[in-house]
Protein chains: 2
Amino acid sequence: MGLVDPISPGVVPGSDVAHFALLGYDPFRFYTGRGSLEAVGAGIRLAPTDVAFRCNFATVDENLTVVDRRAGRIKEHTQDLAESLNGMRITSAPDVAAEFHSTIEHRAVLVLRGPSISRMVSDTDPHATNIKVAKSTPLDETPASKKTAVALNEFTEKSFEILQKHEVNIERRSRGQNPANIVIARGPGTLPPITPLTVQYGLKAACVAAIPMVRGICKISGMEVLNVEGATGGLDTNLDAKAHAALEASEKNDLVFLHVKATDIPSHDGDFEMKKKILEKIDKMFGTMFDQIDLGNTYIALTADHATPISVRDHSADPVPIVIAGPDFPPSGLKKFSEKNSAHGNIGRIRALDIIPMIADRLGRAKKFGF
Amino acid sequence: MGLVDPISPGVVPGSDVAHFALLGYDPFRFYTGRGSLEAVGAGIRLAPTDVAFRCNFATVDENLTVVDRRAGRIKEHTQDLAESLNGMRITSAPDVAAEFHSTIEHRAVLVLRGPSISRMVSDTDPHATNIKVAKSTPLDETPASKKTAVALNEFTEKSFEILQKHEVNIERRSRGQNPANIVIARGPGTLPPITPLTVQYGLKAACVAAIPMVRGICKISGMEVLNVEGATGGLDTNLDAKAHAALEASEKNDLVFLHVKATDIPSHDGDFEMKKKILEKIDKMFGTMFDQIDLGNTYIALTADHATPISVRDHSADPVPIVIAGPDFPPSGLKKFSEKNSAHGNIGRIRALDIIPMIADRLGRAKKFGF
């Protein structure tokens, strides 16, 4: 048992960089934005030169002032809306192609493809209502960033022109619903230049995860990303189904990554009772799993990507507990897995970045450094 | 008491990079191959542009297929054999000189000297028998690496021509012994670009160590490398003599590094009883030393360069225990120095790289960083 700093003491991590570290990649070296992770997680193939954005369908008035950043949390006909934008010609950058796909509810992914484009541009999502959709601006001096900002602004304006008169929105207005009449983009990203951990360590690996960003990182890491019915990434997720899928995958893989998002949601909401309920469900899930795993022949590491204290309602820089069990991991002599006990465990205090090397070593897949 | 990661958690260290870290040098920045350490340890002076290789006298058949990588562990007349190769003219690289010296038993060191040579070349040692001596190839695109590989290959071929008909080998054949009829090379290295710790901290330092690689690193670190009769680096090493030499050296030096290799040998062999015996001998040696040291005026740090668990029979990534005693180092309150207890010591979990700065600080030799 021990403590893990997601990045280093005092650094508050986003879920994306925390997962980079958890999978053994230094985010200071390899993190290249969020949009690419979402895109890959949504099943889109990216080339190393593509720039991907996380997008929302949003509602704006005629002055492009944002009324609703999620277009009434639109659920239906988003594919029809997306199709009307996918493949759009960008006049200001004729060698750039715009690929656009809806994902879950009001969410979508935009991929700009072409020579000399850049992720160093600002968001068009103003991250607030009652202000105008933002103009993307280049964040550095390169021609590529300037060109990308211009292309993104053209895409955004044209998305309004096309969606404003789309029949799905005519119907939504007639029903008194907010129209999904513009696309706002954030989090530009390119494919991170990492060596898949499956290649680095010669492992066959799989992941059980519901949310697109985590699925994206796992895919880029070389894992097979499994689809599990009932795994939603929400409070209603089917933990038994996830556990069952992970156990099944462990028979055909050297490494299985099982990700549960659900505790993070009530933590952001400050909902103590719901968080407790989810933790109890996870506890039960592990009980079931431990009964079915041969710990003389398997390593299990249990940890978190970051803390989200109820009192903070957001991610915090606190270290998170870790327990690793399996052959030749000596016990800490502590009876209970808790944040308090973990501070006295025999692993001491490590970084998330250290976990995959420690496990690869135990699996006999670590290469000796030096002679 | 505490835990030390030789490099970082999960990284399996070779003895060479582990000693770099132990002496305060980041191996990721400063490690430039093993051959140079062996060469310096064997008493050879290297220029910063020289490339040194660890070599074996080996036995090959007429097709240069390796029959015995150690030429029957030849012990005698190796200096005569070495002299026949030392100073060889390299026709394919006329500005390169080849210096060649035998060291212990079948071991030797080759130094290539000249303008524009490189350590980025592959070994001629095939690291196995029943296959041919390897052709060295450049490991990068530079002309220097290409030139070095060509020179090394020429040296290797000529070593066969010369040694095959050497009178020492004629005699060995007549006695039914494997001839030492070729030189195979591995681990090219250059002098690491480090500032000696004696200079960095203004210390006078000495080392008591038997194996050439450790002696080499200590010498490059600015230490006086002592010769102790009976210190062999083997199971038969005279620990009393080493302890006595270290105690004596401590009177004239600020820092003394005492290295014992012997525990590593039965660990690689999986010989539990022998390892226990060696540990008991070391324990006794420390008892003797502690009796003669004024701990009110001296710091002692005891640790290992890496773990070699009997169950693994090779280096592992496990952290190693450390105990530091001396003025103003508060006790951990633990009664016994063990791996288990060290996980709960008051030093916590540090890296080997941290030890020398911690000691230099206690000796009042650490310079303030900033103002």
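These lines cover the structure that appears in this document, whether it is placed above or below.

Cut-offs used in this document
Residues numbered from 1 in each chain as written. Chains lettered and ligands numbered in written order. Predicted model: local features only at pLDDT ≥ 70, side-chain atom pairs only at ≥ 80, totals over all residues. Heavy atoms only, no water. Phe/Tyr/Trp six-rings, centres within 6.5 Å; stacked < 30°, edge-to-face > 60°. Helix = DSSP H or I, 4+ residues; strand = E, 2+ residues; numbered from the N terminus. Buried < 20%, exposed > 50% of the residue type's maximum accessible area, 1.4 Å probe, protein only. Polar contact = N/O pair within 3.5 Å; in protein donor to acceptor, adjacent residues only side chain to side chain. Contact = heavy atoms within 4.5 Å. Salt bridge = Lys/Arg side-chain N within 4 Å of Asp/Glu carboxyl O. Buried area = accessible area lost by both parts, 1.4 Å probe. Nonpolar A, V, L, I, M, F, W, Y, C, P; charged D, E, K, R; others polar. Axes fitted to C-alpha atoms, helices over the stretch in contact; angles between N-to-C directions. Parallel < 35°, antiparallel > 145°, perpendicular 65-115°, else oblique. Left-handed = near helix turned anticlockwise from the far one by under 90°.

Moving on, we come to the packing of aromatic side chains. Each aromatic ring pair is summarised here by two numbers: the centre-to-centre distance and the angle between the ring planes. Residues and elements named next belong to chain B. Under the definition given, this model contains 15 aromatic pairs over all chains. Both rings, one in F20 and one in Y31, keep their centres 5.7 Å apart while their planes meet at 90°; by these two values the pair is edge-to-face. Here Y31 lies in the loop between α2 (27-30) and α3 (35-41) and F20 lies in helix α1 (residues 15-22), a separation of 11 residues in the sequence. Consider the rings of F100 and F155, whose centres lie 5.6 Å apart with planes at 40°: the pair is tilted. Separated by 55 residues along the polypeptide, F100 in strand β4 (residues 97-102) and F155 in helix α5 (residues 143-164) bring together distant segments of the chain. Grouping residues by exposure puts F100 and F155 together as buried.

A few words on the side chain of T156 of chain B. Residue and element names in this part refer to chain B. Along the chain, T156 turns up in helix α5. A polar contact is formed between the side chain of T156 and the backbone oxygen of L152, at a distance of 2.6 Å. Those residues in contact with T156 that sit more than four places away from it in its chain are T124, V133, I182 and V183.

Turning to the pattern of salt bridges, a few remarks are in order. Considering all chains together, one arrives at 33 salt bridges over all chains under this definition. A salt bridge links K368 of chain A to D314 of chain B; the shortest N-O distance between them is 3.1 Å. With K368 of chain A in the segment after α13 (355-362) and D314 of chain B in the loop between β10 (300-302) and β11 (320-325), this residue pair bridges two chains. Taking the relative accessible area as the measure of exposure, K368 of chain A reaches 34% and is therefore partly exposed. A relative accessible area of 30% means that D314 of chain B is categorised as partly exposed. R69 of chain B is the partner of D125 of chain B in a salt bridge, and the nearest nitrogen-oxygen pair spans 2.6 Å. Of this pair, D125 of chain B sits in the loop between β5 (107-113) and α5 while R69 of chain B sits in the loop between β3 (66-68) and α4 (78-83); the two residues are 56 residues apart in sequence, bridging distant segments of the chain. Here the two residues D125 of chain B and R69 of chain B agree in accessibility, since each one is buried. Because the salt bridges share partners, they merge into one network encompassing D16, R34, E38 and R54 of chain A.

A few words on the interface of chain A and chain B. Between chain A and chain B, the contact holds 19 residues from the first and 24 residues from the second. For the pair chain A and chain B, the summed buried area comes to about 1,600 Å², and 56% of that belongs to carbon and sulfur atoms. Per-residue buried area on chain A facing chain B is highest for K368, F369 and F371 of chain A; these three make up 45% of the total on that side. Here chain A is connected to chain B by 2 salt bridges. At the junction of chain A with chain B, the criterion picks out 8 residue pairs in polar contact (both at pLDDT 80 or more). A class-by-class count of the residues in the side of chain A that touches chain B yields 7 nonpolar, 5 polar and 7 charged.

Residues and elements named next belong to chain B. Running from amino to carboxyl end, helix α9 (residues 239-250) crosses helix α11 (residues 272-292) at an angle of 30°, the nearest separation of the two axes being 10 Å. As judged from the angle between their axes, α9 and α11 are roughly parallel. Like other packed secondary-structure pairs, α9 and α11 cross with a definite hand, here right-handed. Counting all contacts with α9, which are made through L239, A243, A246 and L247, the residues of α11 involved are K281, I282, M285, M289 and Q292. Among the residues forming the contact of α9 with α11, the class breakdown is 7 nonpolar, 1 polar and 1 charged.

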